[in-house]
Amino acid sequence: MTITELKTKWKQVLDACPTDKINAVKLDQWYRPLTPVSIDEENAVIAFAATETNPMQKNMINTNYHIIEQAIVQIFGKPYTIRLVEEQDIGEVPDFTYTHYTFDSFVSGPNNRLALAASLAIAEQFTPEYNPLFIYGGSGLGKTHLLTAIAHYVKEKNPEKKVLYITTEAFTNELIKAIKGQSTEEFHEKYRKVDILLLDDIQFLAGKEQTVEEVFNTFNALYSANKQIVLSSDKPPKDLKDLPDRLITRFSQGMIADIQAPDYETRVAILQQKIEEKGLSIDQNLAEVLDLIAQNVTDNIRELEGALTRVLGMAGLSGEKITKDYAKSILKDVFIIKEREVTPENIKKAVAEFYGIKISDLESSKRSRVFVGPRQVAMFLIRTHTSLSLPQIGQEFGGRDHTTVLYSCEKIEEEIQNNKEFADKLKIIEAQFGKNN
Ligand code: ADP
Ligand code: MG
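A.B. asks: What exactly am I supposed to notice about the packing of helix H1 (residues 3-16) against helix H4 (residues 65-76) here?
C.D. replies: For any two helices packed against each other, the geometry is given by the interaxial angle and the distance between the axes. The geometry of H1 relative to H4 is characterised by a closest axis approach of 8 Å and an angle of 125° between their N-to-C directions. What the angle tells us is that H1 and H4 run oblique. For the pair H1 and H4, the crossing hand works out as right-handed. Along the contact surface, H1 presents Leu6, Lys9, Trp10, Gln12, Val13, Leu14 and Ala16, while H4 presents Ile68, Ala71, Ile72, Gln74, Ile75 and Phe76.

Here it is in structure tokens:
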């Protein structure tokens, strides 16, 4: 897409915004002054020149963002994130700001706990043991979000600090420009006077000799001056095979933290966070949609969010009610929707996993409390979610009598009525075997 095409489309986006949701004055005031400068298909980001934006404008952009987001889906056919590209006045150091990538909006999970803890630690204060902080993980798992969150945090807390976030690609381009313009001295200067350097996606250094050299020298200068360095990559240092050993050694000498794909609960929590950011509340229908998306998009948070944005965007435009069936109709073009089957086996498996016991224990005649409770839960869930009769359910549990099954079901029902915490636990188990499908 050329810049002219991009500008035309952006104008269409603004024209497509429903004026009952965002008034024309606001559009003119906050959005029309933004000029799109580039579109990054891989990361689904549209960048805007933000030289003249002020904090107030940034806030307005954040507040109304979901309306714009819907219009983007309509015009571009898929969701994009808006990024403001600023040339800030910390020296002449260029700085990139993602409007809403902060620690507050970063959901912590077992998959990212270490990376998040290390990021918070260095954002709080310079930490020599964590220098450099090297964060690695697959695409769309939150590396850029974390790096940007650090940058925001440090700047907010210590406005005098020189914070520089830059992608390896932008760094390379700038170096090339400096070489062409014979201004490499200034380039060196610029990068060596920062207090914290955040260099994103350093896997792209591979094969770029001069940039590698430049990064090496910058690293050494900053490191020996006790300045914090943060690096991100899609693989750990030792797997960056195309980079010289001296660089890999340096990258490995501080803290290495990985980000893994999020588990089901973290995926749902992230989706809930995005809903909150949009100022929406979660009803039963929306909860089912989140479950559907979380079950189907498992290893890329960008795509997870993209699926949600697409459903919300389409529903917003068509005025349709957001239900699970509606979401399925929208998402069937994006991915093959996996339908989970509700079988006694799946239910037993989910219950056993939840309580950390074996399926054979559920089916056994063991009378320990550790097994009796979960066994009753499994019986109840099979009774509720399958068409098995009481005697058939008894068969599923080592040939128990149907009265035992009935008693178990009644017991659990009573517990659900009286104990909210218990009822919530059952919901988690139900989500695992997919009662919503
Ligand atoms: P990466 O740089 O690793 O490719 P990004 O940082 O661009 O990934 O993340 C992709 C999208 O997923 C972003 O919109 C980001 O806000 C979101 N995201 C990733 N991890 C989290 C998280 N833990 N909590 C909330 N949002 C997240
Ligand atoms: Mg990134």
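A.B. asks: Got a minute to help me understand the nonpolar core in this structure?
C.D. replies: The tendency in soluble globular proteins is for nonpolar side chains to be buried side by side. In terms of nonpolar packing, the biggest core is built from 51 residues, with Leu133, Leu146, Ile150, Leu198, Val230, Ile293 and Leu331 touching the most fellow members. In terms of residue count, the dominant contributor to this core is helix H13 (residues 301-318) (seven residues). Apart from the residues lying within four places of it in its own chain, the contact partners of leucine 133 are Ala118, Ser119, Ile122, Ile150, Gln228, Ile229, Val230, Leu231 and Met255. Counting 26 residues, the second-largest nonpolar core is a separate cluster that includes Leu164, Ala170, Phe187 and Phe251.

A.B. asks: Mind showing me how you'd approach the environment of leucine 84 here?
C.D. replies: Of note, leucine 84 is situated in strand S3 (residues 81-86). Take leucine 84: its relative accessible area is 0%, and that puts it in the buried class.

A.B. asks: Which parts of the structure should I look at to understand the pattern of salt bridges?
C.D. replies: One side chain can pair with another of opposite charge once the charged atoms of both are near each other. A complete count under the given rule lists 19 salt bridges for this structure. Close ionic contact of aspartate 15 with arginine 32 constitutes a salt bridge, the shortest N to O distance being 3.4 Å. Highlighted residues: aspartate 15 in helix H1 and arginine 32 in the loop between helix H2 (24-31) and strand S1 (35-40), separated in sequence by 17 residues. Residue classification places aspartate 15 among the partly exposed positions, given a relative accessible area of 46%. For arginine 246, the salt bridge identified is with glutamate 213, shortest N-O distance 3.0 Å. Of this pair, arginine 246 sits in helix H10 (residues 245-251) while glutamate 213 sits in helix H9 (residues 209-224); the two residues are 33 residues apart in sequence, bridging distant segments of the chain.

A.B. asks: Would you explain helix H7 (residues 168-180) in this entry?
C.D. replies: Helical geometry: 3.6 residues make up each α-helical turn, so side chains three or four residues apart lie on a common side. In a regular helix each residue adds 1.5 Å, so 13 residues correspond to 18 Å; H7 covers 18 Å between its end C-alpha atoms and thus fits that length. Those residues of H7 that sit buried are Thr168, Ala170, Phe171, Thr172, Glu174, Leu175 and Ala178. Backbone geometry just after H7 places glutamine 182 at a positive phi near 50°.

A.B. asks: Whenever I open this one, the site of ligand 1 confuses me. Can you help?
C.D. replies: Taken together, the neighbourhood of ligand 1 is formed by 18 residues, with Val107, Gly140, Lys143, His145 and Glu305 sitting nearest. Between ligand 1 and valine 107 there is a distance of 2.8 Å, counted from a nitrogen atom to a backbone nitrogen or oxygen. One of the side-chain N or O atoms of histidine 145 is found 2.7 Å from an oxygen atom in ligand 1. Mapped onto the shell around ligand 1, the elements with two or more residues apiece are helix H6 (143-157), helix H11 (264-277) and H13. Of the residues in the shell around ligand 1, the class split is six nonpolar, eight polar and four charged.

Reading guide: rules and limits
- Residues numbered from 1 in each chain as written.
- Chains lettered and ligands numbered in written order.
- Predicted model: local features only at pLDDT ≥ 70, side-chain atom pairs only at ≥ 80, totals over all residues.
- Heavy atoms only, no water.
- Axes fitted to C-alpha atoms, helices over the stretch in contact; angles between N-to-C directions.
- Helix = DSSP H or I, 4+ residues; strand = E, 2+ residues; numbered from the N terminus.
- Parallel < 35°, antiparallel > 145°, perpendicular 65-115°, else oblique.
- Left-handed = near helix turned anticlockwise from the far one by under 90°.
- Contact = heavy atoms within 4.5 Å.
- Core = buried A, V, L, I, M, F, W, Y, C linked by side-chain atoms within 4.5 Å.
- Buried < 20%, exposed > 50% of the residue type's maximum accessible area, 1.4 Å probe, protein only.
- Salt bridge = Lys/Arg side-chain N within 4 Å of Asp/Glu carboxyl O.
- Expected span 1.5 Å × (residues − 1).
- Near = heavy atom within 4 Å.
- Polar contact = N/O pair within 3.5 Å; in protein donor to acceptor, adjacent residues only side chain to side chain.
- Nonpolar A, V, L, I, M, F, W, Y, C, P; charged D, E, K, R; others polar.

Shape is all these values report; function is a separate question.
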